[in-house]
Structures are given as structure tokens and as C-alpha cells.
Protein chains: 2
Amino acid sequence: MNIKRSLPDFCTSYHDAVRAELEKVIDSSPSALRNMLRYHMGWQDEHGCPCRGESGKFIRPTLCLLSCEAVGGDTSQAMPVAAAVELIHSFSLIHDDIEDASYDRHHRPAVWRLWGQPQAINAGDAMFALAYQALLKLKEKGIADDKIAISTRMLSLACLELCEGQYLDLEYENRLDITVDDYLGMAAKKTAALLAVSTALGAYVSSEYSRVVDSLHLFGRELGMAFQIRDDIMGIWGMEENTGKSAGDIPRRKKTLPVVYGLQHSAGKGKASLQKLYAQEFIVGEDIAEVKRVLERSGARAYAENLAEQHYHRALAQLEATGLDSSRKAPLKEIACFLLKRDF
Amino acid sequence: MNIKRSLPDFCTSYHDAVRAELEKVIDSSPSALRNMLRYHMGWQDEHGCPCRGESGKFIRPTLCLLSCEAVGGDTSQAMPVAAAVELIHSFSLIHDDIEDASYDRHHRPAVWRLWGQPQAINAGDAMFALAYQALLKLKEKGIADDKIAISTRMLSLACLELCEGQYLDLEYENRLDITVDDYLGMAAKKTAALLAVSTALGAYVSSEYSRVVDSLHLFGRELGMAFQIRDDIMGIWGMEENTGKSAGDIPRRKKTLPVVYGLQHSAGKGKASLQKLYAQEFIVGEDIAEVKRVLERSGARAYAENLAEQHYHRALAQLEATGLDSSRKAPLKEIACFLLKRDF
């Protein structure tokens, strides 16, 4: 397997432009809030000093801009969308970390641990409001007002899906009877909806609304599913130093796809063991290895890897359905492959 | 003083229309979230049964629609704005109740107490996203796309101000050195900004952008200040059964205007007593009466009442500055007077 830690080389050119756009938006926020927001983005430490810590990979903005390029658009015109989807993602992470009681994010304390939950909830809200400010900069790029209104609507519908997904994720936390279908329905909303709107809007703002945009929307959605399932696999079998998560998904009893599959499909002693462990408050020590063993034996890992691959191929089929030239599709294909095979 | 518990009679006609618009938007949300959102609006109990409990007064939507009428607009066209500002207000209340650890809202448990903090944070986020969905219905009302884009921008700027105000409010919680100016700056953002955008947008969507809209924006802002200061007075000297708050502002050591004034302007034993009490975690029993005594003696109540009156008169001056006919201004004048004198 081709293991890479960072986005493909051709994506790095987008990184600086996206960051510049994001900085413009975030630095327009009230100074009191700016520190928390810049900290969360990984641009400064909690005292306001610039830091070289790991920041986000800008996966959603990158997909948005690649989608724009694929339809022959001008990426500078789509930059407001790129910033907006990253800000939506960031707002949801700030709130998710509180909701899931996650201590760390990218090897650093979550915002709520440094500023407290009340300020962190509020900082997430500000990030949410900034996403709309970012999007509305489409006006300065010469995008027509009707497109701006439709883009705003699409983005806020994706946010609603994201909230519904998060509702289900929280709701499933204390249940052992979640089916694989329940889980996939949740992931489609919580993760895939935002990736889908990223690829759709990247193409939409720089072309006429058409079948191509629809196909790229579905491409993003399928890729989002593959992405989430890969995330779930890494959360159990990935290396902690790569995933940047403080304790992995097993100790925190996260019911990700392999676990849901394992609970549904394992039998006998394995099933009983899994049920018992996931009914506890924490899973620690030797029990972590036991969970991994039961999951492997139930076929959960193979199932998840296979399903991620299926969504990846469906994503590629949607890319084909755009009817775009091969050269135009190549970068999207490459990033899709990268997202399927990443080790973080 | 003319004491009234409900909005002036001429406002009740708006109430049903606003509620219908809000129901349309909220009922378009994912069913899982809808229960929490409808509960928060006071439309159903936690089991989903319709309830006749007290719901919000729709002060912001009412101001929006009265402002629309004042410029000769068609209130049905401004209805999406009316719904949007109420949804923004509602989202902020759901989050504020968590951030301030407030147990009750309108004599009922806050959302977080029934569904837990994680789901309540997420429900607030959904309400936030719905506000934009509500606003974008302006398109169905025949409002031009450029106006929709500008309205969206104005609304999200008001949200940012609201977040900044909330940041300051939380930040001031553990400080005893807040000045009256600090406090008023915070209230301008936390409360007045949303009332200001309500009156501004109500006029803007149904008329050309002009000095009238600017004046109505400032009218809303001044009225918002009077409104907040009145709220602060009621939080200390109001009757609990009217304000609907579980314990009043003194037991929770809320540093509202009279307290900030009292800490800054009382002297000797009174100041020492106030400082001591507000450095504690709670204020209970006889100490509550002691706080009220010290505040009265420092002139805090008179100061706050006078300041509310000043903002009210400045609001009326802005209304005059619109140059609109007296008959057009009358309803806004009446609601302003009502908001200054309300006992809840």
C-alpha cells in the first residue's frame, strides 16, 4: 500500500492560497475571538505566538478547488467556497470535541480544554458565522447574485445534514444495537454531505448548473463515505502518532464501522466479549488488543476495507459520468486514491 | 407605570403569521432534531405532545415586521427575515443556557437539561443553520438576489457581533473590575446588534437602501440597549413569576448593569460588602436582600432606569430622523414604549 502523510504534491499549491483566504476571513473577526479561532486552525499557540504545529490538511477546500479546475473554472473565483467549507468543518470540530469530550486535536489540547466549554461553544458559533462571511466574498469575485444565494442555500443544507449526522452519532453512543445501515446513514450525513457540497460548489460557481455539477456532487458524497470508513479503520488499526488522536477509537468506545459490524456479525464468545467491553465506560489495557482480535476475526476489518474500496470505485464512476477529459479528471482521481490509502 | 405582560394588541396579528413561518422552517429540519427545536420554541413538551406553555414573545420578528410596515412594505415579503432573526435568537438562547449553566427557560427546563449538553449544542447549531434556510426564502417572495445576498451578509455580521458580545459576557463573569462602559459595549453586541438588524432588514427588503434603513438600524440598536437595561433591572427587582427565570440574576452573580454600576460607584462598607458577595460562588438568603439594598443606595437602580430612558429617547429620535409620517411611526413608537416599561 502506498503510504503518504501529506496531500499529493500538486495540492500544496492550493494550501497557501486557502490559508491566505482563511486568514483574511478569520482576522476580520472580533479580536477577542480571533485568538481561539487562530489557535484552533493551528496557526498560533494559546498565547498568540505563531506556531509551526500541524494544521488541517484542507481536504475539503482542496477537493473544492480541484473540482473547480476540473470544469475549467478559475480557482481564485472558487476560493470563497473553499474557505467556507473549511470553516464549517472547523466549527463542527470545535463543537464535536466538546460533545465527544475529546481532549486533543492534532496533538494539541482541544479549544475547550484551554478556554473552557462555554467560550469554546461560542467560538464554534463565531466560526460558523464566519463561514457565511467567507462564502459571501463570492460577490467580490464577480459571481452572480443568484449563484451566491443558491450556494448559500446548498451550504446551509449541508450544515443541517451535518447536524443530523452528529445527532445520530451521539444518539448511537450508548446503544449496542446499531446496524451497519444505521451507521452508514449517519456517516453519509456527518461526513459525506460536507465533502459533497465542497466538490459540487467548486464546480457550480465556475460553470453552469448541470449534470456535471450533479455528478461531482455524487463524486464528493461517495468519496466522503470512503474517507470516513478509512478514518474508522485508522482509528482502530492506525498508529497513534499518525492519527493525532489521543487514545484511538477503542479506548473511547467509539462505535465506528468495524465495531458496529463486529457487534452485528461476530458470534459466540467473541460477540459476548465485544458486547461486554462496549457496555463498559472505558476500554483499557489488554482489552484493547482483545477488541482488535475479535474484530479481525469477525471479518470487520476486511469488510470495512472492502466497503471503502467500493465507495471509492463508485466515486470514480461518478467522475467518469461527468464526461470530462481524462486530463481534467486526473487530479480528482489522484486525490481520491490518496484519501483511500492515507494512514492518518 | 403602565404594566403589561404581553405585546400590545396590534402585535398579536403578527404572532400567528410568524409562528406559521417558523413552523414551516423548523418542520423542514431532520425529524430527529425537530423534537428538541419544537420543544425549545415552547410548542411541545419533551415527549412531543403539543403544549400550551409560554413561548417566546417574538419581539425581534415583530420589530422587523413593524419596521417593514413603517416604510410601506408588504410584511409577507419580510416574513423570512422575521423568522430568521427569531431563529438566530433561539439558537443563541440554547447555547447561552449551556454556557451560563441556566437551568430554566420560560419556566421549563432548558434543552440541555433534558437532552444533555452534547445534543443541545448540536441542536443550537441546527437552529443556526435553519436561520439561513429561513432567510433564503426571500427568493420565494420575489426579493431580488442582490438584496438576498446583502441581507445574508448583514445577518451573519450581526451573528458575529452576538458571539463577540457573548465572549465578553463570559469573560466578565469572573472579574470585579468591569466598568459601565465595558458593560454597555458588551450589551451593544450581545443584545442590540440583533434587534438592530431586525429593524434594518425589515425595512431594507421592502424598500430601497437609504437613510431610512440606516435610521431604523440605529433605532433598533438604541431600543436594544434600552431593552437590555430593562432586562437587567427586572433581573434584580422584577418578580420571578414574570421574568420566568429560575433564580434571578443576584443568586447567579450575574454582573448586569446595576451591579457593575454598584461595584464602580458604591463606597465604604457597601462597596466592600458587594465585592465580597460577588467574589463568592453563589449569593443566597439574606445576602440577596443585602445586594439589593447596597445597589439601591449606590444609585444603581436610578442610574439604570435613567439610562434605559435615555436610550429609549435616542431610539425615538432615530425614528424621527426617518422622516416617515406620524401614522407610520406610531406602531414602532408604541412597541418601544412597551419594551421600556415591560415587567418581564
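Residues numbered from 1 in each chain as written. Chains lettered and ligands numbered in written order. Predicted model: local features only at pLDDT ≥ 70, side-chain atom pairs only at ≥ 80, totals over all residues. Heavy atoms only, no water.

A. Region of the structure containing the overall build of chain A. Assigned secondary structure in chain A consists of 15 helices and two strands. Over its C-alpha atoms chain A spans a radius of gyration of 20 Å, differing by no more than 12% from the 20 Å that the globule rule assigns to 344 residues. Overall, the C-alpha framework of chain A stretches about 65 × 50 × 30 Å when taken along its three principal axes. Taken over 344 residues, chain A has a buried fraction of 59%. Contacts spanning at least 24 positions in sequence make up 73% of the contacts within chain A whose residues lie at least 6 apart. As displayed, chain A has an accessible area near 13000 Å², and 49% of this comes from carbon and sulfur atoms. A gap of 2 Å separates the mean positions of the 41 positive and 47 negative side-chain charges of chain A. (Helix = DSSP H or I, 4+ residues; strand = E, 2+ residues; numbered from the N terminus. Rg over C-alpha atoms; globule rule 2.2 N^0.38 Å. Buried < 20%, exposed > 50% of the residue type's maximum accessible area, 1.4 Å probe, protein only. Contact = heavy atoms within 4.5 Å. Areas by Shrake-Rupley, 256 points an atom, 1.4 Å probe, with all protein chains shown as cover. Lys, Arg positive; Asp, Glu negative; His and termini not counted. Charge placed at Lys NZ, Arg CZ, Asp CG, Glu CD.)

B. Spatial organisation of the packing of helix α6 (residues 117-135) of chain A against helix α7 (residues 145-172) of chain A. All names here are of chain A. The contact between α6 and α7 brings their axes to 10 Å, and the two run at 155°. Accordingly, the angle class assigned to the pair α6 and α7 is roughly antiparallel. Pair α6 / α7 crosses with right-handed handedness. Seen from α6, the contacting residues are Phe-128, Tyr-132 and Leu-135; seen from α7, they are Ser-151, Thr-152, Leu-155, Ser-156 and Cys-159. Split by residue class, the contact of α6 with α7 holds five nonpolar, three polar and no charged. (Axes fitted to C-alpha atoms, helices over the stretch in contact; angles between N-to-C directions. Parallel < 35°, antiparallel > 145°, perpendicular 65-115°, else oblique. Left-handed = near helix turned anticlockwise from the far one by under 90°. Nonpolar A, V, L, I, M, F, W, Y, C, P; charged D, E, K, R; others polar.)

C. Broad picture of the relation of the copies chain A and chain B. Of the transformation placing chain A onto chain B, the axial shift is 0.0 Å and the rotation is 180°, giving an RMSD of 0.0 Å. The superposition operator between the copies reduces to a two-fold rotation axis. Within chain A, Asp-145 of chain A has its C-alpha nearest the rotation axis, a separation of 2.6 Å. Counting the interface residues of chain A, we find that 100% of their copies in chain B are interface residues as well, pointing to one common contact surface. (Least-squares fit on C-alpha atoms with pLDDT ≥ 70 in both.)

D. Region of the structure containing the interface of chain A and chain B. With 38 residues of chain A in contact, the opposing surface of chain B contributes 38 residues. Here chain A packs against chain B, burying approximately 3400 Å² in sum over the two surfaces, 70% of which is carbon and sulfur. Ranking the residues of chain A by area buried against chain B places Gln-133, Leu-160 and Tyr-167 of chain A at the top, with a combined share of 17%. Inspection of the chain A/chain B interface yields zero salt bridges. Across the chain A-chain B interface, the total number found is ten residue pairs in polar contact (both at pLDDT 80 or more). (Buried area = accessible area lost by both parts, 1.4 Å probe. Salt bridge = Lys/Arg side-chain N within 4 Å of Asp/Glu carboxyl O. Polar contact = N/O pair within 3.5 Å; in protein donor to acceptor, adjacent residues only side chain to side chain.)

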